[in-house]
Amino acid sequence: MSENGAVMSLIDLERDRHVEELGQLLRIRSISALSEHREDVRACAQWLRDHMFSIGLQKAEVRDTSGHPIVYGEWAHPEPGRPTVLVYGHYDVQPVDPVELWHSPPFEPHVRDGRLYARGSADDKGQLFMHLKAVEAHLKARGELPVRVKFLLEGEEETGSEHLDAFIEEHKELLACDVAVISDTSWFAQGVPSITYGLRGMAYLQLDVYGPSSDLHSGSFGGSIMNPAEAVARLIAGLKDNRGHILVPGFYDRVLPLSERERVEFRQLPFDEQEHMRSLSVPEGYGEEGYTTLERVWARPTLEVNGIWGGFSGEGSKTVLPAEAHAKISCRLVPDQDPDEVYGFIESYVRRISPPGVRVEVRRMHGGRPALVPLDHPAMDAASRAVERGFGKAPVFIRAGGSIPVVASFAELLGVPTVLMGVGLPDENAHAPNEWLLLENYHGGIRSAAALLEELGRALPA
Ligand code: BES
Ligand code: MN
Ligand code: MN
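Note that the structure is a prediction, hence the values are computed from the model and not measured.

Caption draft 1: Representation of the site of ligand 1. Surveying the vicinity of ligand 1 reveals 13 residues, the closest of which are Glu-157, Asp-184, Arg-332, Ser-403 and His-431. Between an oxygen atom of ligand 1 and a side-chain N or O atom of His-90, the distance comes to 3.1 Å. Between a nitrogen atom of ligand 1 and a side-chain N or O atom of Asp-184, the distance comes to 2.9 Å. Notes on ligand 1: free accessible area 520 Å², of which the protein chains cover 83%. Split into classes, the residues belonging to the shell around ligand 1 amount to two nonpolar, six polar and five charged.

Caption draft 2: Structural context of the sheet that holds strand β4 (residues 110-112). Spatially, the three strands line up as an open sheet ordered β4-β5-β18, and their pairing is antiparallel. Strand pairing shows two members of the sheet lacking a second neighbour, β4 and β18 (436-438), which therefore form its edges. Strand-to-strand twist across the sheet, computed as the mean angle between neighbouring axes with direction ignored, equals 25°. Strand direction decides the pairing type here: β4 and strand β5 (residues 115-117), joined by three bridges, are antiparallel. Residue pairing across strands places Arg-112 opposite Arg-115, the latter belonging to β5.

Caption draft 3: Inspection of the coordination of the manganese ion (ligand 2) at higher detail. The protein atoms that coordinate the manganese ion (ligand 2) are His-90 (NE2), Asp-123 (OD), Asp-184 (OD) and Asp-184 (OD), at distances of 2.0 to 2.3 Å. Here the manganese ion (ligand 2) binds six donor atoms, and the angle range of 58 to 165° at the metal identifies the geometry as irregular. For the manganese ion (ligand 2), the donor residues sit on a single chain with the sequence spacing H-x32-D-x60-D. A separation of 3.6 Å is found between the manganese ion (ligand 2) and the manganese ion (ligand 3), both of which receive a donor from Asp-123. On the criterion of sequence distance, the pair formed by His-90 in strand β3 (residues 84-90) and Asp-184 in the loop between β7 (179-182) and β8 (194-199) is long-range, its members being 94 residues apart. Asp-184 shares its class with His-90; the two are buried.

Caption draft 4: Molecular detail of the nonpolar core. One finds Leu-48 and Phe-410 to be the most contacted residues of the largest nonpolar core, which totals 102 residues. Counting residues in each nonpolar core, the second largest holds 30 residues, with Leu-205, Leu-235, Tyr-252 and Val-350 among its members.

Caption draft 5: Inspection of the packing of helix α3 (residues 38-54) against helix α4 (residues 125-142) at higher detail. The N-to-C vectors of α3 and α4 enclose an angle of 20°; their axes lie 11 Å apart at closest approach. In this view, α3 runs roughly parallel relative to α4, as classed from their interaxial angle. The element α3 and its partner α4 pack so that their crossing is right-handed. Contacts between α3 and α4 involve Cys-44, Trp-47, Leu-48, His-51 and Met-52 on the former and, on the latter, Lys-125, Leu-128, Phe-129, Leu-132 and Lys-133. Partitioning the contact of α3 with α4 into residue classes produces seven nonpolar, one polar and two charged.

What counts and how
- Within any chain, residue numbers begin from 1 and follow the written order of that chain's sequence.
- Chain labels run from A onward and ligand labels from 1 onward, assigned in the order the entries are written.
- Per-residue local features of the predicted model are confined to residues with pLDDT of at least 70, and side-chain atom pairs are confined, for both listing and counting, to 80 or more; whole-chain, interface and lining totals are unaffected and use all residues.
- As a rule here, side-chain values come from all non-hydrogen atoms in the structure, and water together with hydrogens is ignored.
- Near, as used in this document, describes a residue that has one of its heavy atoms within 4 Å of the molecule or strand being considered.
- Nitrogen and oxygen atoms within 3.5 Å of one another constitute a polar contact, given that in protein one can donate a hydrogen and the other can accept it, and given that sequence-neighbouring residues count only through two side-chain atoms.
- Every accessible area reported is derived by Shrake-Rupley at a probe size of 1.4 Å, with residue values counting cover from the shown protein chains alone.
- Gly counts as polar in this scheme, as do all residues outside two lists: the nonpolar Ala, Val, Leu, Ile, Met, Phe, Trp, Tyr, Cys and Pro, and the charged Asp, Glu, Lys and Arg.
- Strands are treated as partners if at least two bridges between them are detected by DSSP.
- Helix and strand definitions follow DSSP, with helices as H or I runs of at least four residues and strands as E runs of at least two, each counted in order from the N terminus.
- The axes used here are C-alpha line fits, helices contributing only the stretch in contact, and every angle between their N-to-C directions lies in the interval 0 to 180 degrees.
- The rule for donors is simple: an N, O or S atom within 2.8 Å of the metal counts, and for Na, K and Ca the reach is 3.2 Å. Water is not among the atoms, so a site may look short of donors.
- Think of it this way: with four donors and all angles in the 85 to 135 degree range, the site is tetrahedral; with four or six donors, opposite ones beyond 155 degrees and the rest between 65 and 115, it is square planar or octahedral; otherwise it is irregular.
- When accessible area is computed with a 1.4 Å probe and restricted to protein chains, residues below 20% of their type maximum are described as buried, those above 50% as exposed, and intermediate ones as partly exposed.
- By nonpolar core is meant a set of buried Ala, Val, Leu, Ile, Met, Phe, Trp, Tyr and Cys residues that side-chain atoms within 4.5 Å join together.
- Between 65 and 115 degrees an angle is taken as roughly perpendicular, under 35 as roughly parallel, over 145 as roughly antiparallel, and anywhere else as oblique.
- Note: crossing handedness is left-handed where the near helix turns anticlockwise from the far helix by less than a right angle, and right-handed where it turns clockwise.
- Residues count as neighbours in contact if any of their non-hydrogen atoms are within 4.5 Å of one another.

In structure tokens form, the structure reads like this:
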């Protein structure tokens, strides 16, 4: 049996333990958005640090930031000439509301139909844990790793990674590597192993509209001054035309057009538009004219309203003219759009189209850059072979509509590409009730992660 055969066999033997230990990690309520869970987030970081030591990493530490802590770990003694691989993951999770819709409690992992149900099972605790288990298996079976490995585990990805770029910038030496690896994405579909090479960026903002200093009687004052709720509606309506085209001047300036080759490749993927819309319970799709659903989600920017509020929405009727109204709006950006530039375009345009008689403010929330990973980088071939060895099937290359802003930061600050080899599934309920991870993908993901270390050790010059 080859040395690698020993690693794979060990992984297959230890499946039950791999699930049991992930269960412990999933019990920790590390919700980064809620201040009442601050100590849980820290406890999760400490659990991961302890776990890193227990699998044989020589260095593992919890590093404080002015937000939630970062966990750093390292195994630094491969044969000379081997490359360095930086594994990133996030141990924070989304809130669990509405909790009454969960079929089992979000922080009590349950296995049903081969799926592990718990908040964070797919996004991202289960996926980051695959890499720890892969490293452990190498060290157990062979006593060493084929590459130098560094782990960077973050506790505030779900709230916009506010302190991560500063940490990377301050620790360029510590984080220096030849390639980064992240498992925090999804397959195209169950049974279709996938490597993601494109992610969208983000520009999140809040629109605040202020009118009179107090709510007013709508009979005595309505019709004589601008209503802030109406102003919000007018502003939102002015941002897009009815063909799904965003009207903000400059917005599309830096959008890289889809290549004909990509359009052809997207069309070759097994995607049934009608079936997809049925699964979402909508009668038909809607979006920017001239693009397919996959193109709209993967390679075109968006502007979406996340919520609108203001005025009266309680039981019955109340005749009132609200003093203020608000909206949360997020733009998904594509290469080469820049969040700060896009914010600027939106601010100018909103100022221009603001109705008279109200004060309008645009508040920048969090931004993130989009990313494209070069398909011709040798790490991508290595990753493709690793996924094939883990799952017995070669992967397809896809893009994703979601955002992992650190991918652009790794490219800019560390000068490295990121291999995105997640094993989630499109219907895994990430961010929603009843999140699950397919255990088959978890185990195959551990095998792929183990194979990847070998493949990268061979493919990359140090
Ligand atoms: N794992 C997701 C990103 C993701 C989602 C990648 C779907 C590929 C497909 C990540 O945890 C996430 O939710 N990111 C946020 C980023 C935001 C807070 C800046 C997102 O995409 O909304
Ligand atoms: Mn994630
Ligand atoms: Mn997420």
